[in-house]
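# Commentary on secondary and tertiary structure
Letter by letter, the chains look like this.
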Amino acid sequence: MDLVEVLPNRLHMLRFPIGQAYLWQDGGALTLVDAGNAGSAAEIEGAIRSLGLLPERLERIVLTHCHRDHVGAAGELAARWGAAVLAHRLDAPVIRGERPVPEPVLLDWEIPLYAHGLTVPEAPATPVDREVEDGEALGFGDGAYVVHAPGHTDGSIGIHLPRHGVLFTGDCVAAVGPPMLGVFNVDRARAVESFRRLAELTPSVACFGHGDPLTVDTALILAQTAAETPGE
């Protein structure tokens, strides 16, 4: 796992072989956006300590959606340090293991990529302490709130921190190369609508579920890409 600074003393990316999570600091209080792969809790704790921070200050883990590369270590971290796990109401039953992970509608070129993604260890059933909805305040980042962004999954969310100009897109948007609509969607048309809604927030920093954060000309690039992405 690689640890990458995005905003000094505020935001770091934790990059795994497939996918990534983000650590946000409010002083010593910590929030994790997504939780990497199952079995990566010790690495995440080590990364936190390497920054001079304390894992016991991890207050919440916000899951952008129900896929294994985002949920993985959430339950273990929450059990160790008492962090609350948050997820959208529509994905929470999947995360808890009460419903199966929804199958995406794959484009032909996505099929081998999807097979590769399934090499990530399956996430264990994970308790969700708080089910969130669109527009709900999350209690960190000087006013972070939920942006429901369905299409990748029904309960996919973005997380917007307007006072800091930061947007976490989950897998609605990816940036393995130039930013693009995320792959493996259950409903591509809705995913495109969600992409456009997220772009309208005009962030200065966009943090994706896959690919490096965008920190230069962010709002312009997202707006242009969203406008050029066909809905069908």
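These notes cover the structure that comes with them. (Residues numbered from 1 in each chain as written. Predicted model: local features only at pLDDT ≥ 70, side-chain atom pairs only at ≥ 80, totals over all residues. Heavy atoms only, no water.)

## Observations regarding the packing of helix 1 (residues 41-50) against helix 3 (residues 74-81)
In plain terms, the rule: Here, axes are lines fitted to C-alpha atoms. For helices the fit covers the stretch in contact, and angles between N-to-C directions go from 0 to 180 degrees. Strands here mean DSSP runs of E at least two residues long; helices mean DSSP runs of H or I at least four residues long; both are numbered from the N terminus. Angles are sorted into four bins: roughly parallel if under 35 degrees, roughly antiparallel if over 145, roughly perpendicular if 65 to 115, and oblique for all others. Whether two residues touch is decided by their heavy atoms; if any such pair falls within 4.5 Å, the residues are in contact. Residues are grouped as follows: Ala, Val, Leu, Ile, Met, Phe, Trp, Tyr, Cys and Pro are nonpolar; Asp, Glu, Lys and Arg are charged; all remaining types, including Gly, are polar.
Packing of helix 1 against helix 3 brings their axes to within 9 Å, and their N-to-C directions diverge by 60°. Judged by the angle between their axes, helix 1 and helix 3 are oblique. Residues Ala 41, Ala 42, Ile 44, Glu 45 and Arg 49 of helix 1 touch helix 3, and the partners they reach there are Glu 76, Leu 77, Arg 80 and Trp 81. Residue classes in the contact of helix 1 with helix 3 are distributed as five nonpolar, no polar and four charged.

## Things to note about the pattern of salt bridges
Condition: Any Lys or Arg side-chain nitrogen located within 4 Å of an Asp or Glu carboxyl oxygen qualifies as a salt bridge. Think of it in three bands: with a 1.4 Å probe and only protein chains considered, a residue is buried below 20% of the maximum accessible area for its type, exposed above 50%, and partly exposed in between.
For the coordinates displayed, the defined rule picks out 13 salt bridges. The salt bridge partner of Arg 80 is Glu 76, with a shortest N-O separation of 2.6 Å. Residue Arg 80 and its partner Glu 76 are both found in helix 3; the two are separated by four residues, about one turn of the helix. Its relative accessible area of 41% is what places Arg 80 among the partly exposed residues. Salt-bridge contacts for Arg 190 lead to Asp 154; the nearest nitrogen and oxygen are separated by 4.0 Å. Taken together, the residues Arg 190 in helix 6 (residues 188-199) and Asp 154 in the loop between strand 8 (145-148) and strand 9 (157-161) connect sequence positions 36 residues apart. Among the residues examined, Arg 190 registers a relative accessible area of 34% and is labelled partly exposed. By sharing partners, the salt bridges in this structure join Asp 2, Arg 15 and Asp 212 into a single network.

## Considerations on the sheet that holds strand 13 (residues 205-208)
Selection rule: Pairing between strands is defined by DSSP: at least two bridges between them are needed.
Spatially, 8-9-10-13 is the arrangement adopted by the four strands of the open sheet, whose pairing is mixed. Strands with a single pairing partner mark the edges of an open sheet, and in this sheet they are strand 8 and strand 13. This sheet shows a mean twist of 20° between the axes of neighbouring strands, independent of strand direction. Running over the sheet, helix 6 touches strand 8, strand 9 and strand 10 (166-170) and is turned about 145° from strand 8.

## A few points about the nonpolar core
The test is simple: Only buried residues count toward a nonpolar core, which is a set of Ala, Val, Leu, Ile, Met, Phe, Trp, Tyr and Cys residues joined through side-chain atoms within 4.5 Å.
By size, the foremost hydrophobic cluster in this structure holds 29 residues, and its most contacted members are Leu 32, Ile 44, Ile 61, Leu 63 and Leu 77. No other element matches helix 1, which puts four residues into this core. In contact with Leu 32, not counting residues within four places along its chain, are Ala 21, Tyr 22, Leu 23, Ile 44, Leu 58, Arg 60, Ile 61, Val 62 and Leu 77. Within the second largest apolar cluster, 20 residues are counted, among which are Leu 138, Phe 140, Val 166 and Cys 207.

## Let's talk about the environment of Thr 169
Within the secondary structure, Thr 169 is located in strand 10. When the C-alpha atoms of Thr 169 and Ile 157 are compared, they prove to be 7.1 Å apart, with twelve residues separating the residues in sequence. Once you skip the residues sitting within four places of it in the chain, Thr 169 turns out to touch Ile 157, Leu 198, Cys 207, Phe 208 and Gly 209.

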